[in-house]
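Fold and geometry: a report
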Amino acid sequence: MKISKRHILIGSASLATALTLGAAMAQETVKVVGVIEMSGAGATAGTNYKNGAQLAVDEINAKGGILGKKVEFIVYDTQTNPGNTRAAVQRGIDEGAYAIFGPVFSGPIGASMQIADKAGVPQIVGGEAAGLTKQGVKTIFRTSLNQADAMPKLAEYFKNDVKAQSVAVVWVNNDFGKGGRDAIMPELTKRGIKIAADIATESAQADFAADAIKVKASSADAVFVYLNEEESARFLRAIKQQGYDKPIVGETTLLGAKVIELAGEAAEGAKGHVGLSVDAPNPLFAEFGKKFQAKFNYKSDHNGIKGYSGMYMLKYVTEKAGKVDREAFLKLAHGIVIRTKDEPGILIDSKFDDKGDVDRESFLAEVKKGQQVITGTLPPVNKF
């Protein structure tokens with residue numbers, strides 16, 4: 001069939017019209033692409049993060065959106081795979097995302113953040129690894145405390161509350177685990193606490209019996225556990241089966257709702273430092289927890305709070321800038337202080353520094369009768 005000039009002109013006009021309509025629709029919404037671990041080793045953390053963000057999006061849209069524009073939240077499952085994460089971030093950028101939301105695990109963040117940085121697209125993540133914000137990336141903002149800020153608080157807890165003179169360190173051999181190990185060990189040593197054992201484990205490891213035996217054989221006064229959620233539960237069961245009766249201390253991942261559910265009685269008595277918790281003495285956290293439970297029919301962990309508050313951070317900064325503009329967002333977000341009196345959705349007064357790290361209060365907690373109980377509140381690293 002011969003294609004006439006008239007057909008070409010009509011086709012070109014149709015394409016131009018489609019592109020114009022697509023651009024107009026994009027301008028009517030604030031497109032946020034979630035690049036999140038919905039399956040694989042990070043599924044528990046990723047699902048909580050996504051659900052918290054979705055709850056915020058639903059609320060924001062019900063109140064008119066951001067600057068009168070509805071938030072369009074599209075989520076791509078990375079399967080907790082760094083390669084998939086890179087592809088999903090690039091896809092989001094190609095689709096014109098105003099911001100990338102996620103991932104949660106530090107390894108996939110490290111594998112993808114340079115792509116967002118090169119494109120100048122804000123990326124709001126949930127990872128804790130200290131190295132993420134040491135690489136000069138200007139587009140990353142984390143909703144977790146940096147390990148470099150959290151571990152000194154935990155080391156103080158070992159010294160002053162646990163009164164340990166020696167500690168066995170159990171960590172997962174990935175970016176998250178290595179970052180935590182490298183951050184906690186010098187802080188313990190600085191306070192005169194001996195490292196009785198340095199035990200590396202693998203991501204998705206099923207059997208922790210040998211590691212539990214090593215901890216018990218070390219005769220340490222306490223054990224520091226820095227594993228992902230499912231592995232934390234498995235380790236707790238394994239160490240309790242060894243009859244271990246000394247303090248088991250960890251960071252946020254050890255004391256989460258999913259860990260307590262999976263570990264059962266083995267979680268009883270576990271202690272540590274948590275950055276965020278629906279059980280904290282904060283009415284905004286409690287209100288969020290009730291809404292999350294009602295919508296998703298389970299209790300949110302810290303990742304749900306990170307997803308929710310992260311979306312409200314995006315809203316606050318954008319509205320403060322007065323326009324949906326990536327460059328304006330990045331310029332304003334670095335150094336910004338967001339207080340709950342100005343944006344209740346942030347849930348807790350927070351400051352984002354020039355590297356994208358967040359600073360705020362955090363908490364000490366212990367598992368009692370199958371529940372995470374907050375036992376103390378710690379101030380931000382820097383007063384603001």
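These figures come from a predicted structure and were not determined experimentally.

1. What to know about empty space enclosed by the protein
Tallied over the entire structure, the rule returns 2 cavities of 30 Å³ or more. Empty space within the largest cavity amounts to approximately 100 Å³. In terms of lining residues, the largest cavity is bounded by 13 residues, among which Glu 128, Ser 144, Leu 145, Thr 252 and Gly 275 are the most central. Of all elements in the fold, only helix H5 (147-162) and helix H11 (302-321) reach the threshold of two or more residues within the lining of the largest cavity. Of the residues assigned to the lining of the largest cavity, the class counts are 4 nonpolar, 5 polar and 4 charged. The space that makes up the second largest cavity amounts to roughly 40 Å³. Thr 143, Ser 309, Gly 310, Met 313, Ile 346, Ile 348, Ser 350, Phe 352 and Arg 360 together form the lining of the second largest cavity. Mapped onto the lining of the second largest cavity, the elements with two or more residues apiece are H11 and strand E12 (350-352). With 3 residues, H11 is the single largest residue contributor to the lining of the second largest cavity. Of the residues contributing to the lining of the second largest cavity, the split by class is 4 nonpolar, 4 polar and 1 charged.

2. Description of the pattern of salt bridges
All chains considered together, the criterion is met by 16 salt bridges. Here Glu 59 and Lys 291 are joined by a salt bridge, their closest N and O atoms 2.8 Å apart. A residue pair is termed long-range when its members are at least 10 positions apart, and Glu 59 in helix H2 (residues 43-62) and Lys 291 in helix H10 (residues 283-296) qualify at 232 residues. Classification of Glu 59 as buried rests on a relative accessible area of 15%. A salt bridge links Glu 343 to Lys 315; the nearest nitrogen and oxygen atoms lie 3.3 Å apart. With a gap of 28 residues between them, Glu 343 in the loop between strand E11 (337-338) and E12 and Lys 315 in helix H11 connect regions that are remote in the sequence. Residues Glu 343 and Lys 315 agree in their burial class; the two are buried.

The rules behind these values
Position labels on residues start from 1 in each chain and follow its written sequence. The predicted nature of this model means local features are confined to residues of pLDDT at least 70 and side-chain atom pairs, given and counted, to a pLDDT of 80 or more, with totals for whole chains, interfaces and linings taken over all residues. As a rule here, side-chain values cover all heavy atoms of the structure and leave hydrogens and water aside. Two kinds of site are reported from a 1 Å grid over the protein atoms alone, namely cavities, where a 1.4 Å probe fits but cannot get out, and pockets, open sets with protein on both sides within 12 Å along at least five of seven lines, and residues are called lining when an atom falls within 4 Å of a point. Grid points are joined across faces, edges and corners, and a volume is the space filled by probe spheres set on the points. Under the DSSP-based scheme used, a helix requires at least four consecutive residues in state H or I and a strand at least two consecutive residues in state E, with every element numbered from the N terminus. Each residue is assigned to one class: nonpolar for Ala, Val, Leu, Ile, Met, Phe, Trp, Tyr, Cys and Pro, charged for Asp, Glu, Lys and Arg, and polar for all the others, Gly among them. What counts as a salt bridge is simple: a side-chain nitrogen of Lys or Arg found within 4 Å of a carboxyl oxygen of Asp or Glu. Residue exposure (1.4 Å probe, protein chains only): buried if accessible area is under 20% of the type maximum, exposed if over 50%, otherwise partly exposed.

Function cannot be inferred from these measures alone, as they are strictly geometric.
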